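# Structural characterization, general
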Amino acid sequence: MKKTFILLVAVSLFSFNVYAQSGRNRTTQTKPDKTESSKDADGGVTESHVDPNGETVEGDIIRFDTALVTVPVTVMDRYGRYVPLLRRENFRILENGVEQKIAYFATTDAPFTVVLLIDTSGSTEFRLEDIQDAAIKFVEKLKSNDSVMVMSFDDRIQMMCQATTDRDVITKAIRRTRTGGGTRLYDAVADILTKQLKTIEGRKAVVLFTDGVDTTSHRASYDSTTRLTEESDAPIYSVDYDTSGTTGIMGQGIPMPGGRGGILGWPFPRPGIPGTTGGTMPGDYKRAVAYLHALSDNTGGRFYSGDSLFGIGQAFTWIAEELGRQYSLGYYPSTAGKDGERRQIKVKVTEADLVVKSRDSYIYSDKTHKITQITR
């Protein structure tokens, strides 16, 4: 199964909270059915199969009355180093305090699909080439078998290339991006969450590169898209750059402490909802940064503020590193829920002194309350 990653760049890099990121896999199984004897009494499965992509699936086929909840998980030791060699039996998943049977597991070696979403609105006009360079370097840091889908948005939402591992195709797609007018950020995010991610199997993530200020969306909103993220199965990594006119990628010099970004251009995470930012419309920028935080926090991704090209490049490096060391777990909820119900998730590991980072809740939707099967 391929990993898919949508690139929304956002992070709390030094915060190791225990999250549990979840979403649903609505794809259908292509392998032949197993008989009822292949399942145990509690609705689980007794067999485990491993494929070359580092995935294990319990049995050839799994049918339940609720859709698969997938949980991207990052594990670190007490020194902040990634732990890449854990196995399925090292993990436990609890939903609302009740342990769930892990039906799907992908190791850190399994390929990802990354959706790279680039803001090309008018504010990027004088630095578009630099933005393209940073995006290309990010792609170069991914594994060779990782796929990338490139999309851009201004007052239009454009598919620059479908998901592919061909680096030449991806590079040309990034270079074809052109600066436009307004900023349909909310519409672009909704398009990814409701359409593009559903076409991607396996591990996936979104990387979003934007200043976060929406100006021309007419189909989606701040609230509607943040609600969608709570049902998503892909982490969003948000990379915020400053277009307020005082510091950052569109300004001159090196960003200093107290602005939108980090110290000396480094994309240090800002805890919680940031305070007042510079520029002539501080309310708009404050709302924008809060929005990018919400996208990443709701999906178990990270938020970065990289106000210089150096800082943006560093953010991309950190994102690529985390994606290459992320596990993916899946389970079928043992109990049905009500539409709109929030469910708490907690992921644990059996090894001592390790820290788990993933999403800590999701919104149950009856749209996925149906018989589903794991795709192989």
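The preceding data block contains the structure.
Residues numbered from 1 in each chain as written. Predicted model: local features only at pLDDT ≥ 70, side-chain atom pairs only at ≥ 80, totals over all residues. Heavy atoms only, no water.

### A few points about helix α1 (residues 128–141)
Applied cut-off: Put simply, DSSP H or I for four residues or longer makes a helix, DSSP E for two residues or longer makes a strand, and each gets a number counted from the N terminus. Each helix should span, by expectation, one fewer than its residue count multiplied by 1.5 Å. Note on classification: 1.4 Å probe, protein chains only; a residue is buried when its accessible area is under 20% of the maximum for its type, exposed when over 50%, partly exposed between these limits.
Along its 14 residues, α1 runs 20 Å from first to last C-alpha, staying within 8% of the 20 Å computed at 1.5 Å per residue. Those residues of α1 that sit buried are Leu128, Ile131, Gln132, Ala134, Ala135, Ile136, Phe138 and Val139.

### Here's the deal with the packing of aromatic side chains
The test is simple: Any pair of Phe, Tyr and Trp rings, taking the six-membered ring for Trp, is counted once the centres come within 6.5 Å. Such a pair is stacked with planes under 30 degrees apart, edge-to-face with planes over 60 apart, and tilted for the rest.
Following the criterion strictly, the structure yields nine aromatic pairs and no others. Here the aromatic residues Phe91, Phe105 and Tyr327 are joined through ring pairs into a cluster of three or more.

### Points about the pattern of salt bridges
Our working rule: Should a side-chain nitrogen of Lys or Arg be within 4 Å of a carboxyl oxygen of Asp or Glu, the pair is scored as a salt bridge.
Here the structure, examined in full by the defined rule, presents 17 salt bridges. A salt bridge links arginine 343 to glutamate 341; the shortest N-O distance between them is 3.4 Å. Overall, arginine 343 belongs to the buried group, its relative accessible area being 2%. A single network of salt bridges, built from pairs that share partners, joins Glu95, Glu341 and Arg343.

### Considerations on the sheet that holds strand β6 (residues 91–95)
Stated formally: Two strands form a pair only when DSSP identifies at least two bridges running between them. Interaxial angles span 0 to 180 degrees and are taken between N-to-C directions of axes, which are lines fitted to C-alpha atoms, for helices over the stretch in contact.
A sheet is described by the order of its strands in space; here four strands give the open sequence β7-β6-β16-β18, paired in antiparallel fashion. For this open sheet the edge positions go to β7 (98–100) and β18 (361–363), each flanked by a neighbour on one side alone. Between one strand axis and the next, the sheet turns by 35° as a mean value, whatever way the strands run. As paired strands, strand β16 (residues 342–349) and β18 are joined by three bridges and run antiparallel to one another.

### Structural notes on the pairing of strand β15 (residues 326–331)
Of all six residues making up β15, six are buried, and the element is well covered by its neighbours. What you see with β15 is no split at all: Gln326, Ser328 and Gly330 on one side and Tyr327, Leu329 and Tyr331 on the other are buried throughout. Of the pairings in the sheet, the one linking strand β8 (residues 102–106) to β15 comprises four bridges and is antiparallel in character. By the bridge assignment for β15, isoleucine 102 is matched with tyrosine 331.

### Side note on unusual backbone geometry
Phi at asparagine 96 takes a positive value of approximately 50°, unusual for a residue other than glycine. In this fold, asparagine 96 is placed in the loop between β6 and β7. Despite not being glycine, aspartate 353 shows a phi value in the positive range, around 60°. For aspartate 353, the position within the fold is in the loop between β16 and β17 (354–357).

These values are about where atoms sit, not about what they do.
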